[in-house]
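Each chain, written out:
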Amino acid sequence: MTEVPQERTRVLIVDDEVEFASTLAERLQLRGYDVTAVYCVEDAFNAIRQSPPDVLLLDLIMPGTSGMEALMTVKSAAPEIFVVLLTGHLDIEKELEGMGLENCNFIMKPVDISKLITMIDGATREMPSEKRLEAS
Amino acid sequence: MKIKNKLLVGFGFYTLLAVAMGCFMYLELHTIISRLAYVKSADDIVNNALETRRYEKNLLLFNDKGAINELDHYITLLRKNIGVLKKEIVKKIGAQEFAKLSGQIDEYEQSIHAIARNPADKGLIEKVRIIAREIQATIDAVAGGERASIDYLLAHLNRSMILLLFTIAAFIIAGAIINMKLAASISNPIRDLEEATKRVGGGDLSWRSELTGRDEIASLGMSFNRMQERLSAARQSLELAITELHEKQEQLLESEKLASLGRIAAGVAHEINNPLAIVNEKAGLMQDIIGISDEFQNKDKFMSLIQGIVASVDRCRAITHHLLGYARPTESVMETMSLNDVLADVKGFLHKELEDKRIAMETNFPVDLPQIRSDKGQLEQVVLNIVRNAIEAVSEGGHINISSGMKDSKTALISIADDGPGIPQDKVKHLFEPFFTTKGKKGTGLGLFVSYGIVKKLGGMITAESKSGRGTTFTIQIPVDFRQ
């Protein structure tokens, strides 16, 4: 696997907690990802329509449309997007298994950044971004 | 004996006594009357004899011709009266003498008639006198004892009167005794029964009527005992049911308390989790930025401060994740499994920890334990949790015992006992509450709380028993086939 800087992995973060989403976005940007953060499901749909990301970080609990509904919508429209659900609960794994969704994972809040990076890179088969951070 | 029979016996006794007394009196009177009749007849004979001698004198001394008719009359009477008393006379003097007397009277009569025809016959007159004296003597001997007879009668009457008095006294005494016995034999058992009803009515259900026998009251007493036994049994089962109800109520209260605590804790955890995530990201970003910055003053100091924040966030994360896991109603993945395998797996997981502390783990897994249907992963988590606690509790070289079994056909049991220092009685009841810990700073106080939630969710129950210095035993009850 070779690093292709101009084809950076594009990540879309959807979370109603602005502080969380923006900070996480900044941290990922520092690690070389092309990150956009939006703070509601509608904005997320718009962003996906304009330019679909490689990875979608989706908060499960948000006002209005729930993360699960958003997940179903995104999965039916663009199944190629790797979705990581952000959740407070341990046992979402079983629900996901039950739904039979592919190209999908979850991570618990507060987020362990190295775990998230491993997950994203594993899905997009890229070089671990940690190394890029160290190199820069 | 039945009361009716008792009364009949009592009445029968009285009747018999009365009849006996009547018979006795009848016999006494009969004897007296016979005696009086004898005395009267004897008196008549004596009188007849005297009259006969008077008219004999008139005939012999004064040659009164009319006397012969009177003599005939009295001789006839004499003969008749002697006939009446023949039996008594024979008894007194014998049949021979009696025949002689009859012969003398006949001879006397003939001689009198001969004298009446020939008054001058001196020899005949002398003969009559001799015969008359002999007859007189015999009659006096036979019937002359009226005086003695009257004495005898008086004595007899006296004796009868005394006997009568005795009989009456006996009648009264025996009657009184029999009446008292009869009354007591009827009223004592009734009193006994009354006492029994009073005691049982007063709540003393252990009291029994001790009536025996075959009368109506004894039978009533036995019926009473049977009723009382049933009452006793009913009360016992009622008390048992109430005790069980109390236990269930306490368990319900306890589980409701824990459930609401869980909801509150999870609510707080959820609210805390988001700001915690922000703190985590901010600290992480600071770390990132400082990490890529050039050297500046206190860079290492800042890095270590941020490390501290991140470590604290990690601790908080552990807590909030546990709490959120407790409250969330998740789908359990049910599968059929061997409980013994689950326990053996747990023992395998903890192999190293057990070895490090040189803890002897004894297992007691009956081979015939039926398979159960439950959530294997969650069950494992619970057992692992409790055994880990036990490992932490026991001292080096301590013992832990894990055993499986059946409580009944529908409930399987897991028992985990250690010989650690135990938990004081007043703290045992708080064991399953969130944030309760006996490990000081080492524990979050959520392990047992979460385990409790899981077991509840699987339709089971978890209880702990402990005493200071005697170790702790956890018992998990799991339904053999739990349907959600």
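Residues numbered from 1 in each chain as written. Chains lettered and ligands numbered in written order. Predicted model: local features only at pLDDT ≥ 70, side-chain atom pairs only at ≥ 80, totals over all residues. Heavy atoms only, no water.

Reports often express the size of an interface as the amount of accessible area lost when the parts come together. Contacts between the two partners involve 24 residues from chain B and, on the opposite side, 22 residues from chain A. The junction of chain B with chain A conceals about 2,200 Å² of combined surface from both sides, 58% of it contributed by carbon and sulfur atoms. Between chain B and chain A we count four salt bridges in total. For Arg27 of chain A, the salt bridge goes to Asp288 of chain B, with nearest N and O atoms at 2.9 Å. Ranked by the residues each element gives to the side of chain B that touches chain A, the list is headed by helix α7 (residues 216–292) of chain B, at 14 residues. (Contact = heavy atoms within 4.5 Å. Buried area = accessible area lost by both parts, 1.4 Å probe. Salt bridge = Lys/Arg side-chain N within 4 Å of Asp/Glu carboxyl O. Helix = DSSP H or I, 4+ residues; strand = E, 2+ residues; numbered from the N terminus.)

Turning next to the confidence of the model for chain B. Within chain B, residue pLDDT values average 85, and 97% of them lie at 70 or more. The lowest-confidence element of chain B is helix α6 (residues 146–201) of chain B, averaging 83 in pLDDT; the highest-confidence one is strand β7 (residues 472–479) of chain B, averaging 94. (pLDDT = per-residue confidence, 0-100.)

Residues and elements named next belong to chain B. Size it by volume and the largest pocket reaches roughly 680 Å³. Listing elements by their share of the lining of the largest pocket, those giving two or more residues are α8 (299–327), α11 (376–393), α13 (447–457) and β7. It is α11 that provides the largest number of residues to the lining of the largest pocket, a total of eight residues. (1 Å grid on protein atoms, 1.4 Å probe; cavity = no way out; pocket = protein on both sides within 12 Å on 5 of 7 lines; lining within 4 Å. Points joined across faces, edges and corners; volume = space filled by probe spheres on them.)

Two numbers describe a pair of aromatic rings. These are the distance of the centres and the angle of the planes. Residue and element names in this part refer to chain B. In total, this model carries five aromatic pairs over all chains according to the counting rule given. Pairing Phe432 with Phe474 gives two aromatic rings, centres 6.2 Å apart and planes at 85°, and the pair type is edge-to-face. Of this pair, Phe432 sits in the loop between α12 (425–428) and α13 while Phe474 sits in strand β7, and the two are 42 residues apart along the sequence. A residue is classified by how much of its surface remains accessible, and Phe432, at 7% relative accessible area, is buried. (Phe/Tyr/Trp six-rings, centres within 6.5 Å; stacked < 30°, edge-to-face > 60°. Buried < 20%, exposed > 50% of the residue type's maximum accessible area, 1.4 Å probe, protein only.)

A separate point is the nonpolar core. Residues and elements named next belong to chain B. By size, the foremost hydrophobic cluster in this structure holds 49 residues, and its most contacted members are Val387, Ile400, Ile416, Leu431, Phe432 and Ile476. Ignoring anything within four residues of it in the chain, the contact list for Phe432 reads Leu258, Leu448, Phe449, Tyr452, Ile462, Thr463, Ala464 and Phe474. Membership of the second largest hydrophobic core comes to 33 residues, among which are Leu60, Ile75, Leu101 and Val142. (Core = buried A, V, L, I, M, F, W, Y, C linked by side-chain atoms within 4.5 Å.)

Moving on, we get to helix α9 (residues 339–349) of chain B. All names here are of chain B. Taken together, the buried positions of α9 are Leu339, Asn340, Val342, Leu343 and Val346. Along the axis of α9, the buried residues cluster in a sector spanning 160°; they form a single face. Summarising the contacts, the buried residues of α9 are in contact with β1 (334–337), β3 (372–375), α11, β4 (399–408) and β5 (411–418). (Arc of directions from axis to C-beta.)

One side chain can pair with another of opposite charge once the charged atoms of both are near each other. Per the counting criterion, the structure on display carries 24 salt bridges over all chains. Ionic pairing is found between Glu281 of chain B and Arg27 of chain A, a salt bridge with its closest N-O pair at 3.2 Å. A residue pair is termed interchain when its members come from two chains, as with Glu281 of chain B in helix α7 and Arg27 of chain A in helix α1 (residues 18–30). According to the relative accessible area criterion, Arg27 of chain A is buried, its value standing at 4%. In this structure, Asp356 of chain B and Lys352 of chain B form a salt bridge, with 3.3 Å as the shortest nitrogen-oxygen distance. Here Asp356 of chain B and its partner Lys352 of chain B are both found in helix α10 (residues 351–356), four residues apart, which amounts to about one turn of the helix. Of the residues examined, Lys352 of chain B reaches a relative accessible area of 58% and is grouped as exposed. Among the charged side chains, a network of salt bridges with common partners joins Arg27 and Arg31 of chain A together with Glu281 and Asp288 of chain B.

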